[in-house]
Amino acid sequence: MFTVKKMVIFANWKIYMGSRAEVSGYVEKIKRNLSGFNTDALEVHIMADFLSFEYLKKNLSGTGIKIGVQDLFWEDSGAFAGEVSPLMLKDLGCDSVYIGHSERKLLFGENDENVNRKVLAAFRNKITPLVFIGETKQELDDGSTEEVLRRQLSIGLKNVTSGMLEKIIFIYEPRWAIGREQSASQETISAMHKKTYNLLVELFAPESVKKVRILYGGSVNLENIKETIEIKEVDGVGAARASIDPLNFIKLIKIIEAEALKRARL
Ligand code: PGA
């Protein structure tokens, strides 16, 4: 029996895949080379682009890998041209959804109110939300990180109950650490995870907050994953570029599985 929190790893495909051939090649390599992983200790999610989602869902079934998407709309159906219905995602068996990624905020006008609507839509449709928090470089330089995190959490989690909170996965992913050579420092990651925990305790019952998983994202790769997941406040990671090569992603899975098993034995 595992009494510790299950660790998690997310592969963020963004729109790195350019064709069905590339997607099917990825699937084949995963099936051929991933000999399995301990699903009691670790959750593995691939966050696909919308067009690849259903293919992955069908073709990776039986591997233990959960398949999610990178956004959803907050209404289930209606006159919302171009949007993606959470109801249809549920119907297709979507396991999880990214909400509020900094690229959505920076490039597509996502705000905290919309994050909140999307979190509630995910719960209504029984899809696990992975909620992004984190500051930009400007906010870091201004010293307003804590204020930003407080705002993201208090608006983003409006009308979320303690029971719902326990099921949300958070990811501290500062904008300035994405797409670089190096991730944030261990000191920063540890401090920000503690801050996030404390901010959640201001809003929710501490017993519920204790069950919440908080991940780190931003330039996670084979060189730095080990030191990142050894930080005790870190319950897992999200990786984009490092997950695009399936064999590299398998190596990340194996490293985090070892840490998850180590924590379970302690
Ligand atoms: P990266 O991106 O791993 O390529 O830095 C992370 C993300 O945007 O989720």
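Provided above is the structure to which this section pertains.
Please read all numbers here as calculations on a predicted model, not as lab measurements.

Asker: Account for the sheet that holds strand β4 (residues 96-99), with residues named and values stated.
Answerer: Read around the closed barrel, the eight strands follow the order β1-β2-β3-β4-β5-β6-β7-β8; overall the barrel is parallel. Strand-to-strand, the axes of this sheet are offset by a mean angle of 25°, without reference to chain direction. Strand direction decides the pairing type here: strand β3 (residues 66-69) and β4, joined by two bridges, are parallel. Residue pairing in the sheet places Gly-68 in a bridge with Ser-96 of β4.

Asker: Lay out the pairing of strand β6 (residues 169-172) in plain terms, naming residues and giving numbers.
Answerer: Because side chains alternate across β6, one face comprises the buried residues Ile-169 and Ile-171, and the other comprises Phe-170 and Tyr-172, equally buried. By the bridge criterion, four bridges tie β6 to strand β7 (residues 213-217) in an arrangement that is parallel. In the strand pairing of β7, Phe-170 is matched with Ile-214.

Asker: Any details on the pairing of β3? Residues and values, ideally.
Answerer: Within a regular strand, the side chains alternate between the two sheet faces. Relative to β3, strand β2 (residues 42-48) is paired through four bridges, and the arrangement is parallel. Following the sheet pairing, His-45 is matched in β3 by Lys-66. What joins β2 to β3 is helix α2 (residues 50-59), and the crossover it makes is right-handed. Taking the sense of rotation as the criterion, the β-α-β connection linking β3, helix α3 (residues 86-91) and β4 turns out right-handed.

Asker: Break down the packing of aromatic side chains for me, with residues and values.
Answerer: Per the counting criterion, the structure on display carries five aromatic pairs. Ring geometry for Trp-13 versus Tyr-26: centroids 4.8 Å apart, planes at 70°, classification edge-to-face. Here Tyr-26 lies in helix α1 (residues 20-33) and Trp-13 lies in the loop between β1 (7-12) and α1, a separation of 13 residues in the sequence. A residue is classified by how much of its surface remains accessible, and Trp-13, at 0% relative accessible area, is buried. On the accessibility criterion, Tyr-26 (2% relative accessible area) is buried. Members of the aromatic cluster, connected to one another through ring pairs, are Phe-10, Tyr-98 and Phe-132. One Lys or Arg, Arg-117, reaches over the ring of Trp-74 and ends 5.0 Å from the middle of that ring.

Asker: How would you explain the layout of surface pockets if you had to name every residue and give the values?
Answerer: When its volume is computed, the largest pocket comes out at roughly 390 Å³. Lining the largest pocket are 20 residues, with Lys-14, Ile-15, Gln-70, Arg-104 and Phe-108 positioned closest to its centre. Of all elements in the fold, only α2 and α4 (102-108) reach the threshold of two or more residues within the lining of the largest pocket. A per-class count over the lining of the largest pocket returns 10 nonpolar, four polar and six charged. Here the second largest pocket is characterised by a volume of approximately 250 Å³.

Asker: Kindly report on the nonpolar core, identifying the contributing residues and their values.
Answerer: By size, the foremost hydrophobic cluster in this structure holds 70 residues, and its most contacted members are Ile-9, Ile-46, Leu-56, Phe-170, Leu-200 and Phe-249. When residues of this core are assigned to their parent elements, the largest contribution, six residues, is made by helix α12 (residues 246-265). Setting aside anything within four residues of it in sequence, one finds Phe-249 in contact with Ile-9, Ala-11, Tyr-26, Ile-30, Val-44, His-45, Ile-46, Ala-242 and Ser-243. Listed in part, the nine residues of the second largest apolar core include Val-8, Phe-10, Tyr-98 and Ile-169.

Asker: Go over the site of the ligand, please, and point to the residues and values.
Answerer: As a matter of local geometry, the ligand sits amid Asn-12, Lys-14, His-101, Glu-173, Ile-178, Gly-179, Gly-218, Ser-219, Ala-239, Ala-240 and Arg-241. Between the ligand and the protein, one listed contact pairs an oxygen atom with a backbone N or O atom of Gly-179 at 2.8 Å. Expressed as a share of its isolated accessible area of 280 Å², the protein-covered part of the ligand is 99%. In this structure the site holding the ligand corresponds to the second largest pocket. Tallied by class, residues from the shell around the ligand come to three nonpolar, five polar and three charged.

Asker: Which residues make up empty space enclosed by the protein, and what values do they have?
Answerer: Regions of empty space are outlined by a rolling probe, equal in size to a water molecule, passed over the atoms. Inspection of every chain in the model, using the stated rule, returns one cavity of 30 Å³ or more. In this structure, the largest cavity encloses a volume near 40 Å³. Of all the secondary structure elements, the ones that give two or more residues to the lining of the largest cavity are α5 (112-124), β5 (128-133) and α7 (145-156). Considering every element that reaches the lining of the largest cavity, the biggest residue donor is β5, with three residues. Here the residues of the lining of the largest cavity are counted per class, giving four nonpolar, two polar and two charged.

Rules behind the numbers
Residues numbered from 1 in each chain as written. Predicted model: local features only at pLDDT ≥ 70, side-chain atom pairs only at ≥ 80, totals over all residues. Heavy atoms only, no water. Pairing = 2+ DSSP bridges. Helix = DSSP H or I, 4+ residues; strand = E, 2+ residues; numbered from the N terminus. Axes fitted to C-alpha atoms, helices over the stretch in contact; angles between N-to-C directions. Buried < 20%, exposed > 50% of the residue type's maximum accessible area, 1.4 Å probe, protein only. Right-handed = clockwise from strand over helix to strand, strands pointing away. Phe/Tyr/Trp six-rings, centres within 6.5 Å; stacked < 30°, edge-to-face > 60°. Lys NZ or Arg CZ within 6 Å of the ring centre and 35° of its normal. 1 Å grid on protein atoms, 1.4 Å probe; cavity = no way out; pocket = protein on both sides within 12 Å on 5 of 7 lines; lining within 4 Å. Points joined across faces, edges and corners; volume = space filled by probe spheres on them. Nonpolar A, V, L, I, M, F, W, Y, C, P; charged D, E, K, R; others polar. Core = buried A, V, L, I, M, F, W, Y, C linked by side-chain atoms within 4.5 Å. Contact = heavy atoms within 4.5 Å. Near = heavy atom within 4 Å. Polar contact = N/O pair within 3.5 Å; in protein donor to acceptor, adjacent residues only side chain to side chain. Areas by Shrake-Rupley, 256 points an atom, 1.4 Å probe, with all protein chains shown as cover. Sits in = over half its atoms within 2 Å of the grid points.

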